Amino acid sequence: MKDFPLISPCDYTLKHYVGFIQLFINNEEHEYPIEIKLDDPSNIKTATIYSEKLSNLLEDNKKIISQMLQNSSDLNTFLIDLKDLLEKKEILLSSKKYPLKYISKMIKEFDEIGWDKISNLKSDLHSLTLNINDSYNRNHKLDLIFPYNYNTEVIQIKADIPEKIDNKYFINELSKIVDFYKNIFDKYNNFWSQLEEIDKKTWVIEPLNPPRSSNYRRIIIEKKCSINIQVNPNNPRSFPIYQFMGSDDLVQKWTMILINKQHQWNINISIYENLKKILNIEFPQKEKMSLSDISDACGICYSHYLTIEKDDKLEKLLPDKQCKNVKCSQPYHYKCIFEWLRSLTTTKKSFNYLYGKCPYCEEMITLPIN
Amino acid sequence: MTSPQLLSRLKREIQMLEEEPPHGIYCWPSETNMRHLHAQIRGYEKTPYENGIFKLDIRIPDRYPFEPPHIQFKTPIYHPNVDNDGRICLDILKLPPKGSWKPSLNISTVLTSISVLMQDPNPDDPLLTEIVSCVY
């Protein structure tokens with residue numbers, strides 16, 4: 001063949017070619033054995049390509065290759081395109097491999113911190129999870145991603161903690177990372193024990209299965225009323241930011257109680273004890289009541305939790321909007337009622353608000369546009 | 001794309017139709033497709049439809065409950081608000097501003113309305129007076 005002297009037909013039928021394809025990768029010439037079979041020698045579209053050494057590359061780019069076959073006029077032009085593609089992909093792949101020196105350094109570091117701390121290790125050494133125990137017997141997970149440009153970039157670390165930590169000043173050394181994070185985990189012990197008590201002794205409806213980084217809890221107080229508290233991670237026993245949710249009269253009642261008794265907040269006892277004392281209630285437990293006793297489901301999707309996708313994660317939302325008409329007070333998810341009002345031609349829009357009617361009682365509903 | 005509200009709502013509705021079906025109405029999902037339901041309405045006493053079982057076909061659109069379900073009679077019925085193909089002229093089966101569908105309605109209430117329409121035809125909004133089709 002014109003541009004590929006190392007590839008030649010096996011016999012006069014021209015249905016079967018064997019030979020070598022030369023690829024230039026990082027200024028080095030490599031030769032790979034290749035085999036091409038054609039069902040119809042005059043029609044390039046019927047070709048199939050075999051190569052044991054390039055099988056992974058061929059498999060990964062199957063779609064592009066079959067498209068190239070469709071668009072090529074003859075075997076020669078197709079092979080030029082194929083060579084081009086394989087060279088580009090091979091260079092990309094080789095840049096994603098760590099040199100042996102780096103790998104042996106990493107393995108030495110694994111030995112140092114102990115292999116029992118390491119899980120989810122990818123076979124290409126690109127990422128792993130570290131299991132670290134703090135001084136209070138909590139197990140923490142650190143997700144580490146090693147950069148391919150290990151000379152210029154730092155290890156990316158994802159930790160489940162209530163603050164953001166910049167890894168800019170880090171040396172890429174595992175034992176130092178472990179020590180650093182152990183200190184941070186210990187620092188938040190008080191914060192986590194506050195929230196753990198709340199999780200254990202009250203009925204938290206949001207977030208479900210809270211991560212350690214989450215600093216808020218929505219707790220049921222009584223039927224159709226809940227309180228959302230936001231705990232300061234650096235000063236967990238201080239008076240939290242709060243917000244009551246539920247029907248208007250109950251929200252007003254509880255807000256008044258909390259405002260009047262706010263001075264009784266005692267930072268020597270836990271948040272749970274403080275709330276219990278100030279609100280003067282026993283928090284309802286999950287086993288004794290079901291969610292439908294506490295609040296009605298959304299009037300549009302008929303469920304308590306609406307699952308939505310946010311930043312590639314699934315999130316469960318509770319109804320956060322309610323009809324202002326006291327006799328109706330139908331709860332809705334913001335997303336549900338917004339979608340309905342938006343689709344109506346009778347809904348009025350003014351500045352950043354929608355003005356429409358409650359589907360149940362026809363009373364006016366105002367909705368901010370996010 | 002189906003709306004994220006569709007699945008949870010439909011599951012709940014099917015459960016409700018099973019546990020507390022409306023009077024004289026029987027509705028169940030087809031075995032293969034949850035969004036295709038079958039319904040039967042029993043003809044009321046002292047109406048021409050007495051002792052009859054009327055079959056209906058319900059299709060749930062992608063944007064349900066923001067759009068009404070598509071409902072058609074499968075059993076031929078002689079009724080001024082139902083045409084020869086079984087299409088029903090009922091305002092709650094159309095979106096506003098032409099109709100009055102809203103998400104507070106559901107399959108159960110819509111079927112009840114159809115059963116009421118069978119007892120009480122609406123001559124002001126006929127689909128067939130003498131085979132005159134109403135303009136949508």
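Residues numbered from 1 in each chain as written. Chains lettered and ligands numbered in written order. Predicted model: local features only at pLDDT ≥ 70, side-chain atom pairs only at ≥ 80, totals over all residues. Heavy atoms only, no water.

Chain B has the name E2 ubiquitin-conjugating enzyme in an unreviewed UniProt entry, where Piromyces finnis is given as its organism. Quoted verbatim from the Sequence similarities (unreviewed entry) field of UniProt, the annotation for chain B is "Belongs to the ubiquitin-conjugating enzyme family." (UniProt positions renumbered as here; feature names shortened; annotations may be inferred.)

Looking at an unreviewed UniProt entry, one finds chain A named RING-type domain-containing protein and attributed to Piromyces finnis.

Before going further, it helps to spend a moment on empty space enclosed by the protein. All names here are of chain A. One pass over the full model with this rule turns up one cavity of 30 Å³ or more. As a volume, the largest cavity reaches approximately 30 Å³. Contributing to the lining of the largest cavity are Lys 321, Gln 322, Lys 324, Ile 365 and Thr 366. Looking at the lining of the largest cavity, the elements with two or more residues in it are strand S15 (321–322) and strand S19 (364–368). For the lining of the largest cavity, a count of residues per class yields one nonpolar, two polar and two charged. (1 Å grid on protein atoms, 1.4 Å probe; cavity = no way out; pocket = protein on both sides within 12 Å on 5 of 7 lines; lining within 4 Å. Points joined across faces, edges and corners; volume = space filled by probe spheres on them. Helix = DSSP H or I, 4+ residues; strand = E, 2+ residues; numbered from the N terminus. Nonpolar A, V, L, I, M, F, W, Y, C, P; charged D, E, K, R; others polar.)

Further remarks concern the interface of chain B and chain A. With 19 residues of chain B at the contact, the number on the chain A side is 17 residues. Regarding the contact of chain B and chain A, the summed buried area is about 1,400 Å², with carbon and sulfur atoms giving 63% of it. On the chain B side of the interface with chain A, the three residues burying the most area are B:Gln5, B:Phe66 and B:Pro103, jointly 32% of the side's total. Applying the counting criterion to the chain B and chain A interface returns two salt bridges. Of the charged contacts, one joins A:Glu339 and B:Arg63 as a salt bridge, the two residues approaching to 2.6 Å between their closest N and O atoms. (Contact = heavy atoms within 4.5 Å. Buried area = accessible area lost by both parts, 1.4 Å probe. Salt bridge = Lys/Arg side-chain N within 4 Å of Asp/Glu carboxyl O.)

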